[in-house]
Amino acid sequence: MKLLLVCEYWYGTGGWSYRGYLEQLGCEVEVFDFRKPFFTAGAGLPVVSAATRRINRRRMNAAFVQAVADFRPDVVFFLKGETIYESAIREVKEKYGPVLLQWYPDGPFNIENRNATRDSIASIPLFDIYYIYAKSLIAPLRESGAQRVEYLPFCYDPAMLQLPEQVSDEDRAKYATDVVFAGTWEPMREWWLERITEFDLSVWGNMWERVPETKPLRAHWKGNAVYGEEISKLFAVSKIHLNFLREQNRDSHNVRTLEIPGFGGFLLTQRSREQSEDLYIEGKEIACFDSVDELKEKIRYYIDHEDERLAIARAGHERATAEHQAIHRLRRVVDDARALLGT
């Protein structure tokens, strides 16, 4: 089965990880990066001219159609691809007839936050299957014309895993802490973290320079984002790993929900039913909180009760290993595609 993977393609992205697994599952894979070649200029610097971005977007869409014409895939599998025109997807569908699959990792209707575009919304009815990470989004996608919507949670790539015994003393000194948060600055995340600065807290991620130097939280920012094997070292040697859910994930989960236990870390996350009942068992495989008081209480408790914390981390890791790896999700996608193709 020939499969064109439409994704962002750089180390640490889902596309980077998924290509190898799709090949393991018997697919002949080519990648179309819907961002990098057309939206960056030398040395990775972003193109700032709006006119240039429009021209480059047209070039990118022409290149996408040409990639399909040249490769003639049986399946075109999108991981978002919101910069691709609805008209380009329709042209590909009508001219070449591939199975079209979408696995959308962001808010599929959030134009205001640039998680989606008018084209990505208009293209919803064109996909044979539209996979989504939140059960609450299934009905809205159907109302927007989706032919078939399937719940498909996020996952993690065990190839990126560094176990505690594999982490060097130098990296241990760099990353080990009682409480850690890894993620990009957002006002909501700053609000939560400001309230727990009395703990041995480390923050890793981009844009945290926005926190004024006069605030206690600023001193807890250790550096910009880390990815892949590097972030797995962070998960391996720190005690408690915090996870905050954006509004679009508030009733479901995010990638960290799977990565942290998958990489052997102890997950303390904002509570949601999908996390605490569907993906894991709260209190046995992960820990959850709803309020600042509960967050502080859980931090203190699990720092003081190391055996219990480690037991939960082990159980969470076992659950993630058994059910939440990338290969588990992609096997389902490939099986669905083969069923549609009748092969």
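The structure presented is a predicted model; accordingly, all values stated were derived computationally and were not measured. (Residues numbered from 1 in each chain as written. Predicted model: local features only at pLDDT ≥ 70, side-chain atom pairs only at ≥ 80, totals over all residues. Heavy atoms only, no water.)

Caption draft 1: How the structure looks around the overall build of the protein chain. When helices and strands are counted, the protein chain shows 14 helices and 14 strands. In terms of overall dimensions, the protein chain is globule-like: its C-alpha atoms have a radius of gyration of 21 Å, near the 20 Å expected for 343 residues. Projected onto the principal axes, the alpha-carbon positions of the protein chain cover approximately 65 × 45 × 40 Å. A total of 343 residues make up the protein chain; the buried ones form 52% of that total. Pairs at least 24 residues apart make up 65% of the contacts formed inside the protein chain by residues separated by at least 6 positions. As presented, the protein chain carries roughly 15300 Å² of accessible surface, and 48% of it is formed by carbon and sulfur atoms. Within the protein chain, one finds 45 positive and 52 negative side-chain charges whose respective centroids are separated by 5 Å. (Helix = DSSP H or I, 4+ residues; strand = E, 2+ residues; numbered from the N terminus. Rg over C-alpha atoms; globule rule 2.2 N^0.38 Å. Buried < 20%, exposed > 50% of the residue type's maximum accessible area, 1.4 Å probe, protein only. Contact = heavy atoms within 4.5 Å. Areas by Shrake-Rupley, 256 points an atom, 1.4 Å probe, with all protein chains shown as cover. Lys, Arg positive; Asp, Glu negative; His and termini not counted. Charge placed at Lys NZ, Arg CZ, Asp CG, Glu CD.)

Caption draft 2: Representation of the sheet that holds strand β5 (residues 75-78) in the model. Across the sheet, six strands lie side by side as β2-β1-β5-β6-β7-β8; this open sheet has parallel pairing. Whereas interior strands pair on both sides, the edge strands pair on one side only; in this sheet they are β2 (28-33) and β8 (149-151). The average undirected angle you get between the axes of adjacent strands in this sheet is 20°. Alignment of β5 against strand β6 (residues 99-104), held across four bridges, turns out to be parallel. Within the sheet, the bridge partner assigned to F77 lies in β6 and is L101. (Pairing = 2+ DSSP bridges. Axes fitted to C-alpha atoms, helices over the stretch in contact; angles between N-to-C directions.)

Caption draft 3: Molecular detail of the packing of aromatic side chains. This model, assessed by the stated rule, comprises 21 aromatic pairs. Look at Y11 and W16: their rings are 6.1 Å apart centre to centre, the planes differ by 85°, and that puts the pair in the edge-to-face class. Given a relative accessible area of 36%, Y11 falls into the partly exposed group. Of the residues examined, W16 reaches a relative accessible area of 38% and is grouped as partly exposed. When the ring of F181 is compared with that of F244, the centres are 5.2 Å apart and the planes differ by 50°; the resulting orientation is tilted. (Phe/Tyr/Trp six-rings, centres within 6.5 Å; stacked < 30°, edge-to-face > 60°.)

Caption draft 4: Local environment of helix α1 (residues 14-24). Buried within α1 we find G15, S17, Y18, Y21 and L22. Taken end-on, α1 shows its buried residues confined to a sector of 155°, consistent with a single buried face. One or two steps after α1, the chain reaches G26, where phi turns positive at roughly 95°. (Arc of directions from axis to C-beta.)

Caption draft 5: Expanded view of empty space enclosed by the protein. One pass over the structure, following the stated rule, counts one cavity of 30 Å³ or more. For the largest cavity, the calculated volume is near 30 Å³. For the largest cavity, the full set of lining residues is F78, K80, G81, I84, I89, Q102, S120, S123 and F127. Broken down by class, the residue content of the lining of the largest cavity amounts to four nonpolar, four polar and one charged. (1 Å grid on protein atoms, 1.4 Å probe; cavity = no way out; pocket = protein on both sides within 12 Å on 5 of 7 lines; lining within 4 Å. Points joined across faces, edges and corners; volume = space filled by probe spheres on them. Nonpolar A, V, L, I, M, F, W, Y, C, P; charged D, E, K, R; others polar.)

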